[in-house]
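Here is what each chain is made of, one letter per residue.
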Amino acid sequence: RRAPVSADSPPFDIPADLVIKALGFDVDDVPTLFDVPDLELSEAGTLAVDWESMATNLDGVYAAGDIVRGASLVVWAIRDGRVAAEAIDRHIQAKAGAAAAAA
């Protein structure tokens, strides 16, 4: 059985305007809770996403796990998180490339 191993690198922070940590099985009214009325929901009341990138209808906002699927298996949350992480990286790289080109 594997055991936790201390990382050699120091901890780091990643700046973000908002991070929503979702724990539990009930779907919250995220658009009202965070005053983002334009955030689209699915018919089930979960966040609506593009399943290829996990992007919501708001630029730079991604979602994964139960907030998208409802109560589901953790393996789906892991898969969705990986898809979202790759899409977020592409999004950040594209913005950095555009900023560099404009400079």
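Predicted model only: the values in this text are computed from it and were never measured.

Visitor: What am I meant to see in the side chain of Ser-53 here?
Guide: Relative to the helices and strands, Ser-53 resides in the loop between α1 (30–33) and α2 (66–69). By relative accessible area, Ser-53 is classed as buried at 12%. Here Ala-55 takes part through its backbone nitrogen, which lies 3.2 Å from a polar atom of the side chain of Ser-53. If we ignore the near neighbours within four places in the chain, the residues touching Ser-53 are Tyr-62, Val-83, Ala-84 and Ala-87.

Visitor: How should the environment of Asp-17 be read in this particular structure?
Guide: The residue Asp-17 is located in the segment before α1 in this model. Accessibility expressed as a relative area gives 86% for Asp-17, which makes it exposed.

Visitor: Explain helix α3 (residues 74–102) to me, please; I cannot follow it from the model alone.
Guide: Three- or four-residue spacings in an α-helix give side chains the same orientation, since the helix completes a turn every 3.6 residues. The terminal C-alpha atoms of α3, which comprises 29 residues, lie 42 Å apart, in line with the 42 Å expected from a rise of 1.5 Å per residue. In this fold, the buried residues of α3 make contact with α2.

Visitor: Just to check I follow, could you spell out the side chain of Thr-56 for this structure?
Guide: Here Thr-56 shows up in the loop between α1 and α2. Dropping the residues within four chain positions of it, Thr-56 is found in contact with Leu-39, Ala-48, Val-49, Val-61, Tyr-62 and Ala-63.

Cut-offs used in this document
- Residues numbered from 1 in each chain as written.
- Predicted model: local features only at pLDDT ≥ 70, side-chain atom pairs only at ≥ 80, totals over all residues.
- Heavy atoms only, no water.
- Helix = DSSP H or I, 4+ residues; strand = E, 2+ residues; numbered from the N terminus.
- Buried < 20%, exposed > 50% of the residue type's maximum accessible area, 1.4 Å probe, protein only.
- Polar contact = N/O pair within 3.5 Å; in protein donor to acceptor, adjacent residues only side chain to side chain.
- Contact = heavy atoms within 4.5 Å.
- Expected span 1.5 Å × (residues − 1).

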